[in-house]
Amino acid sequence: MDSSPEQRFNTVYSGSGCYYGLEVRPEFSGYFDKRDINGLAALDLGCGEGRYALFLAAKGCHVTAVDCSQAGLSKLKTMAAEKCLPITPCMMDIATFEFPEAAFDIIVAATILDHLSGDLRRRTISGIKSALKPGGVLYANAFTVADPGFKLARLSSRQASRAGVSETAECMAHYFDREELKAVFADLSIIDYYEAVEPDHSHGRPHYHGWACLLAKKRAAAR
Ligand SMILES: C[S@@+](CC[C@H](N)C(=O)[O-])C[C@H]1O[C@@H](n2cnc3c(N)ncnc32)[C@H](O)[C@@H]1O
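Here the structure is a predicted model, which is why all the values come from computation and not from measurement.

(A) Region of interest: the sheet that holds strand β5 (residues 132-143). The strand order β3-β2-β1-β4-β5-β7-β6 describes an open sheet built from 7 strands, whose pairing is mixed. Of all the strands in the sheet, the pair left with one neighbour each is β3 (87-91) and β6 (189-200). Recorded for the sheet is a direction-independent mean angle of 15° between the axes of neighbouring strands. Relative to strand β4 (residues 104-110), strand β1 (residues 41-45) is paired through 3 bridges, and the arrangement is parallel. Bridging from a neighbouring strand, Leu43 pairs with Ile107 of β4. Packing against the sheet, helix α4 (residues 70-82) makes contact with β2 (62-67) and β3, and its axis sits at approximately 165° to β3.

In structure tokens, the structure reads:
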């Protein structure tokens, strides 16, 4: 694969259709399907082709969708225009994203925190916390040390594919430890958190992922 995240994901998104499909994870749809979120402001960080942004915009949210991949964002732009959905695509590296304070009711960080290393990941985590409005909801998921890619990261992609590892495993910067995703957002109120190893049928050869999935709410400021 090419070296920078934008080159890698431009290649990943270059085919027809959506690489990861348009389905969102069930804990996300299960939570937001039951709620009236019409008119709320949402941020989808590392949106890719935008399945989470499209879901939220279809329910009436105004979505800012950030990604460094031109190919992913141009597909999202086309789909949003076809459906007249209020999505603002922002092509940029998250490293340069200025997190506006208390600006979003909903923030999505789906398989992005694990693509960011060290200081950039920590900056993004603290940016998410400050950009959420009090009472705002974060959905984050990330791959964990239970992911087959964690142990097999050093194999060639051909060997890794055979071993049931995602073909994009080499894009990973950080596999979250057990309970780490929950711990880094411990200052939010946890609504739902789980870790599991599950098959992923959305793309590529058959493979598994070790997931940590979190829904959490920013506490209202103390009076
Ligand atoms: C595994 S994909 C997830 C896409 C989307 N969240 C989803 O669940 O369908 C990771 C995405 O993060 C983006 N990405 C990785 N590093 C980035 C960075 N530093 N700045 C902006 N986007 C980045 C990639 O371009 C890619 O679209």
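From this point, the narrative continues.
(B) Region of the structure containing the pattern of salt bridges. Inspection of every chain in the model, using the stated rule, returns 7 salt bridges. Among the ionic pairs, Asp119 bridges to Arg122, the shortest N-O distance being 3.0 Å. With Asp119 and Arg122 both in helix α5 (residues 118-131) and 3 residues apart, this pair spans about one turn of that helix. Among the residues examined, Asp119 registers a relative accessible area of 60% and is labelled exposed.

(C) Quick look at the site of the ligand. The local shell around the ligand holds 20 residues, among which Tyr13, Gly46, Arg51, Asp67 and Ala110 are the closest. Take Gly46: an N or O atom from its main chain is 2.7 Å from a nitrogen atom of the ligand. Between the ligand and the protein, one listed contact pairs an oxygen atom with a side-chain N or O atom of Asp67 at 2.6 Å. When the ligand is considered free in solution it has 600 Å² of accessible area, and contact with the protein chains removes 97% of it. Of all the elements in the fold, those that place two or more residues in the shell around the ligand are α1 (5-12) and α3 (51-58).

(D) The arrangement of the pairing of β3 in detail. Of the strand pairs in this sheet, β2 and β3 are connected by 5 bridges, and their pairing is parallel. By the bridge assignment, Asp67 is partnered in β3 with Met91. As for the winding sense of the linkage, the β-α-β connection from β2 through α4 to β3 is right-handed.

(E) Here's a closer look at the pairing of strand β7 (residues 207-217). The element β7 is extensively covered by neighbouring structure, given that 9 of its 11 residues are classed as buried. Bridge analysis of β5 against β7 gives 7 bridges, and the strand direction is antiparallel. Residue pairing for β7: Phe143 is matched across the bridge by Trp211. The turn linking β6 back onto β7 is made up of 6 residues, and Gly204 within it adopts a positive phi angle of 65°.

(F) Focus on the nonpolar core. Counting 34 residues, the largest nonpolar core has Phe28, Phe32, Leu56 and Ile87 as its most contacted members. At the level of secondary structure, the elements contributing two or more residues to this core comprise α2 (26-32), α3, β2, α4, β4, β5 and β7. It is α3 that contributes the most residues to this core, 6 residues altogether. Residues within four places of Ile87 in sequence aside, it is in contact with Ala53, Leu54, Ala57, Val63, Ala65, Leu76 and Ala80.

(G) A look at the packing of aromatic side chains. Scanning the entire structure with this criterion turns up 12 aromatic pairs. Ring geometry for Tyr13 versus Tyr20: centroids 6.3 Å apart, planes at 75°, classification edge-to-face. In terms of burial, Tyr13 and Tyr20 fall into one category: buried. For the ring pair Tyr19 and Tyr20, a centre distance of 4.9 Å and an interplane angle of 85° mean the geometry is edge-to-face.

(H) Focus on unusual backbone geometry. Phi at Ala102 takes a positive value of approximately 45°, unusual for a residue other than glycine. Position of Ala102 among the secondary structure elements: in the loop between β3 and β4. The exposure class of Ala102 is partly exposed, given its relative accessible area of 33%. Even without being glycine, Thr111 reaches a positive phi, approximately 45°. With respect to the helices and strands, Thr111 occurs in the loop between β4 and α5.

The rules behind these values
- Residues numbered from 1 in each chain as written.
- Predicted model: local features only at pLDDT ≥ 70, side-chain atom pairs only at ≥ 80, totals over all residues.
- Heavy atoms only, no water.
- Pairing = 2+ DSSP bridges.
- Helix = DSSP H or I, 4+ residues; strand = E, 2+ residues; numbered from the N terminus.
- Axes fitted to C-alpha atoms, helices over the stretch in contact; angles between N-to-C directions.
- Contact = heavy atoms within 4.5 Å.
- Salt bridge = Lys/Arg side-chain N within 4 Å of Asp/Glu carboxyl O.
- Buried < 20%, exposed > 50% of the residue type's maximum accessible area, 1.4 Å probe, protein only.
- Near = heavy atom within 4 Å.
- Polar contact = N/O pair within 3.5 Å; in protein donor to acceptor, adjacent residues only side chain to side chain.
- Areas by Shrake-Rupley, 256 points an atom, 1.4 Å probe, with all protein chains shown as cover.
- Right-handed = clockwise from strand over helix to strand, strands pointing away.
- Core = buried A, V, L, I, M, F, W, Y, C linked by side-chain atoms within 4.5 Å.
- Phe/Tyr/Trp six-rings, centres within 6.5 Å; stacked < 30°, edge-to-face > 60°.

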